[in-house]
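# Structure at a glance
As a plain string of letters, each chain reads:
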Amino acid sequence: MRLEELRTKINACMSSSTACGLCRTQCPSLELWGVESRAPRGRMALCAHLLRGDLPPSNTVAERMFSCVLCGNCDAVCPVGAGPSRVIEAARERLRERGFLPPKYGERGGHVAREHNPYLEPHASRLSWLPPGLHLPGKAPLVYFAGCTSSYREKELAGKVVELLGRMGLEFTLLGDEWCCGSFLLRTGQGEADGATVEGMARHNLEEVGRRGAREVVVNCPGCYRAWKSDYPELGVEPEVGVLHLVQLLDRERGRLRAERGGEVRVTYHDPCHLGRHMGVYEEPRRLLSSLPGVELVEMPRNRENSWCCGSGGGFRAGYPDASKQVAKRRLEEARETGAQVLVTACPFCLRQLRETAEAFGLGLRVVDLVEFLLERWG
Amino acid sequence: MSSRPERRELERELAGMVGRENVLTEEADLLPYSADHFLRGLQHYLPKFKFLPDAVVTPLETSQVSRILRFASLHRIPVIPRGAGTSLAGQLIPVEGGIVLDLKKMNRIEPRVEDRMVVAGPGATYAELNRELERRGYFFPPEPGSAMACTVGGMVSTNASGSGAVKYGATRNYVLSLEVVLAGGEVVRLGRKVAKSASGYSLKDLFVGSEGTLGVITEITLRVEPYPPIRRTTMAVFPSLEGAFEAAMEILGRGITPASLELLDELCLLALNMSGFSLPEGKGALLLRSDGRYREAVEGEMEEMVRACRGKGAETVGVEDEALGRRLWEAREKISASLTKLLPSPETPRLVFQASVDVGLPLSKMLEYVRRVKALMEERGIMGVCFGHVGDGNVHIGSTFVPESPEQVERARRFQEEAIRLALSLGGTLTAEHGVGLWKAPYLEEEHGYALELMRSLKRLLDPQGILNPGKMALDGIPRVALMERWWEEK
């Protein structure tokens, strides 16, 4: 973010008609710690002091910025469009430039530069999720970009995505050499890490798409979706292909779905922050779920732009594992109160976080990705 | 009494009372507590305006508050209780440093609707409290402009209210009982958890609106109202501001008590249209709400109000469109923020001193007041707006100025002073809902005369060391910051 833009956003918040505190209404880190320096308005005030130079950058200031999940709930309620979460992201970048990046993120950032994923895994094993015996064409109109979380941590889900695309009869393939989309770096203030830049990663991935002759890229990770669809153009790298999240593709092609099996079930849908609030994709997954025979879709009180985060965004799960589970627990309790038996989401990161937390606290709620849910009911 | 301890010692002592995790002393944690909604903007542009507390403590229970106050009293350390920091009059500024008590973690909500009441911690938010109550068919009505963020403790401390006050009254009308920790650490219960009581002095009422100067409120019992399931909203846009006032007076004169009766002037309408609405153009508007249990009654009341407005030449919107009605209310809640859209450029630092004037007037004097204030604005070259809760005589005036310019700051200050004095001269009060804090302290004596001496005597009785929220409400002198002159002297 350019300095002038940053200054404008901070000025908008700090004018005495605002600095209103509406952003305190749904802030996970404020709920966790209960103090102003970990609430959006307090962080905006710290950014204002940093920018003016009357607060020196420090590890403490950096910690206050990195203890935000970047869910963007504050952006959604801000009456002047100051966008606290974007300012916090920009502050992370500037703190990193001055040597105050928390080491945990730096280590992962360096790994992205070398091995193209933030999970400290070798690049060579990126495709280890691929079901044996699967043969995909060298060229296809559609490319599935699996992303790091599905490739390394939710391998089964990645396998199910290709299974579903196959069952739907869609002609698709994978990238020959898929790299991290760069979302982890952007969210943790590392536009540049060990010489690697997100622009460079974007160009690499786009060149790979070009080699496949594809007209469209589909992703199942909302973090990747935001990177491809919104961050790349902001960085000056405009994808010349269509970019879709899987729920959009499934919605468009729902005539090919045969998810007609299974008994009656009540489900609720969790909006991933990157897909919903950040990119405005709310209705497609709901349309899909509502169209399934026997499925009753019920809403949690906080849904769509007011949705409560799963607690894993913005590097929060990596930096604050216990606190992030508390955020997820709150979401799961909301889901349970609807009387739903199944919580459906459309994000490998939310899936992992919510499923693990449901198990850890014995909350008795089944958490699945929409892809898994559709396959279960296929037939 | 011993001297004020060094910061490290203070930290150690406080940690012993509430646990290390509930004590903040690093600059990065203290800075956000050096201002509230009122002062943040000025601090942003005039950085020397920094009133850092020595520590911030986030207590979890009454016994911890009691220990902190006993300790603070012994060492004569200022204590500033704080809710969500949405105050508009500088109530939370730690002008003498000290300990800020952030009460956010004391946020218990215990609905007792069978008794038509709710028991809450001071840190419970108004929005959360009402979510819990509405699930049970009840609500706590005062609805201040900061309804989404403010805390119940803050509302009691400032006797807050808003657009619902015309029908439902202010916070005070709902307070049944308070648990308060006094300056020396004594815990007292004021009032009983019953619907009415004629037993002794109503000391709870002394603490409502006391802005943290007499004690720290640690538990609040509020009366609740059945939630009105039927609500209708209409906006009436008039060719003249006078027309809007006349319609409002006619509505009230017919014996109607609307759920809300809000006034907006021409610039407010412009700001709303710049925020995405397509409202008719006009010189003034009324936002009307009717609510109740029975559809026919609510719609009948709204029809009568709409007729009154149309009789004064108004064009009305939202009557048949409930979704638009809801959006209009959301827009009204954000009117202050919308005013920034009127500024020439977001890059140009401008302060909108919104709602910093919130005088209350007899209904019969409102039109005269608004006319004279608008004439003053023109005379002084001030860009500003008038809006407010016309149903209960509460007028807000917002004005803008460039904070880098001492002349403009002085001009804005003088204008606001004149606006307050004009209200007093018309028999009004200097604050109808925001409270006194720092900003209105210089004018309190003009309103209260000798009664202010009585308030000071009560302050000395309850807080002999003067540790509770010093510098506010003109109880212990008026800090120079409240007079504003110092703001540019020190720039």
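A quick note: this is a predicted structure, and the numbers were derived from the prediction, not measured. (Residues numbered from 1 in each chain as written. Chains lettered and ligands numbered in written order. Predicted model: local features only at pLDDT ≥ 70, side-chain atom pairs only at ≥ 80, totals over all residues. Heavy atoms only, no water.)

## Here we look at the environment of leucine 424 of chain B
Threshold: Only DSSP runs of H or I covering at least 4 residues are called helices, and only runs of E covering at least 2 are called strands; the numbering of each starts at the N terminus. Note on contacts: a residue pair qualifies if any of its non-hydrogen atoms lie within 4.5 Å across the two residues.
Tracing the backbone shows leucine 424 of chain B in helix 15 (residues 406-425). Setting aside residues up to four positions removed in sequence, leucine 424 of chain B forms contacts with Thr429, Leu430, Tyr443, Glu446 and Glu447 of chain B.

## Looking at the domain arrangement of chain B
Residue and element names in this part refer to chain B. Filter applied, for reference: Reported domain spans reflect what an automatic or database domain assignment gives. Throughout, the accessible surface (probe 1.4 Å) given up by two parts as they are put together, summed over both, is called the buried area. Only one rule defines a salt bridge in this text: a Lys or Arg side-chain nitrogen within 4 Å of an Asp or Glu carboxyl oxygen. By the criterion applied in these results, polar contacts are pairs of N or O atoms within 3.5 Å in which, for protein atoms, one can donate a hydrogen and the other can accept it, and in which residues neighboring in sequence qualify only through two side-chain atoms. Polar here means any residue other than Ala, Val, Leu, Ile, Met, Phe, Trp, Tyr, Cys and Pro, which are nonpolar, and Asp, Glu, Lys and Arg, which are charged; Gly is therefore polar.
What the domain assignment reports for chain B is domain 1 (1-227), domain 2 (230-339) and domain 3 (345-434). Relative to domain 2, the C-alpha centre of domain 1 lies at a distance of 34 Å. Counting residues at the interface gives ten residues for domain 1, matched by eleven residues for domain 2. Between domain 1 and domain 2, roughly 880 Å² of surface is buried when both sides are summed, and carbon and sulfur atoms account for 41% of that area. The largest contributions to the domain 1 side of the interface with domain 2 come from Ser163, Val166 and Lys167, which together make up 53% of the buried area. Inspection of the domain 1/domain 2 interface yields two salt bridges. As a salt-bridge pair, arginine 289 and glutamate 143 come within 2.8 Å of each other at their nearest N and O atoms. Counting across the domain 1 and domain 2 interface gives four residue pairs in polar contact (both at pLDDT 80 or more). The element that contributes the greatest number of residues to the side of domain 1 that touches domain 2 is helix 7 (residues 165-168), accounting for three residues. Of the residues in the side of domain 1 that touches domain 2, the class split is five nonpolar, three polar and two charged.

## A look at the side chain of arginine 377 of chain A
Residue and element names in this part refer to chain A. Rule in force here: Exposure is judged per residue with a 1.4 Å probe applied to protein chains only, and the accessible area is read against the type maximum: over 50% gives exposed, under 20% gives buried, and values in between give partly exposed. All tallies of charge rest on Lys and Arg as positive and Asp and Glu as negative; His and the ends of each chain are not included.
Looking at the secondary structure, you find arginine 377 in the segment after helix 18 (370-376). No salt bridge is formed by the buried arginine 377; the nearest opposite charge belongs to glutamate 376, separated by 6.3 Å. Setting aside its immediate chain neighbours within four residues, arginine 377 contacts Arg258, Ala259, Glu260, Arg261, Gly262, Gly263, Val265, Leu292, Pro293, Gly294 and Val295.

## What to know about the packing of helix 3 (residues 40-52) of chain A against helix 6 (residues 84-97) of chain A
All names here are of chain A. Stated formally: Helix axes are fitted to C-alpha atoms over the stretch in contact, other axes to C-alpha atoms as well, and angles between N-to-C directions run from 0 to 180 degrees. Angular relationships are summarised with four words: roughly parallel below 35 degrees, roughly antiparallel beyond 145, roughly perpendicular across 65 to 115, and oblique for the angles in between. Here a crossing is taken to be left-handed if its near helix is turned anticlockwise relative to the far helix by less than a right angle, and right-handed if that turn runs clockwise.
The geometry of helix 3 relative to helix 6 is characterised by a closest axis approach of 10 Å and an angle of 45 degrees between their N-to-C directions. The angle between helix 3 and helix 6 places the two elements in the oblique class. Viewed along their axes, helix 3 and helix 6 form a crossing whose handedness is left-handed. Residue-level contacts link Pro40, Arg43, Met44 and Cys47 of helix 3 to Pro84, Val87, Ile88 and Ala91 of helix 6. For the contact of helix 3 with helix 6, the residue count by class is seven nonpolar, no polar and one charged.

## With respect to the domain arrangement of chain A
Residue and element names in this part refer to chain A. If you check the domain split of chain A, you get domain 1 (3-97), domain 2 (106-252) and domain 3 (258-376). When each unit is reduced to the centre of its C-alpha atoms, the spacing between domain 1 and domain 2 is 30 Å. Buried area between domain 1 and domain 2, both sides added, is near 660 Å², and the carbon and sulfur share of it is 33%. Looking at the side of domain 1 facing domain 2, the largest losses of area belong to Arg86, Glu89 and Arg96, adding up to 60% of the total buried there. Where domain 1 packs against domain 2, one counts four salt bridges. Note that glutamate 192 and arginine 96 form a salt bridge whose closest N and O atoms lie 3.5 Å from each other. Counting residues per element, the side of domain 1 that touches domain 2 draws most heavily on helix 6, at five residues. A per-class count over the side of domain 1 that touches domain 2 returns two nonpolar, no polar and five charged.

## What to know about the packing of helix 3 of chain A against helix 4 (residues 59-66) of chain A
Working note: a packed helix pair is described by the angle between its axes plus the distance between those axes. Residues and elements named next belong to chain A. Packing of helix 3 against helix 4 leaves a shortest axis separation of 10 Å and a crossing angle of 140 degrees. Here helix 3 lies oblique to helix 4, going by the angle between them. Note that helix 3 runs across helix 4; the crossing there is left-handed. For the pair formed by helix 3 and helix 4, the contact residues are Arg43, Leu46, Cys47 and Leu50 on the first element and Val61, Arg64 and Met65 on the second. Among the residues making up the contact of helix 3 with helix 4, the classes are represented as five nonpolar, no polar and two charged.

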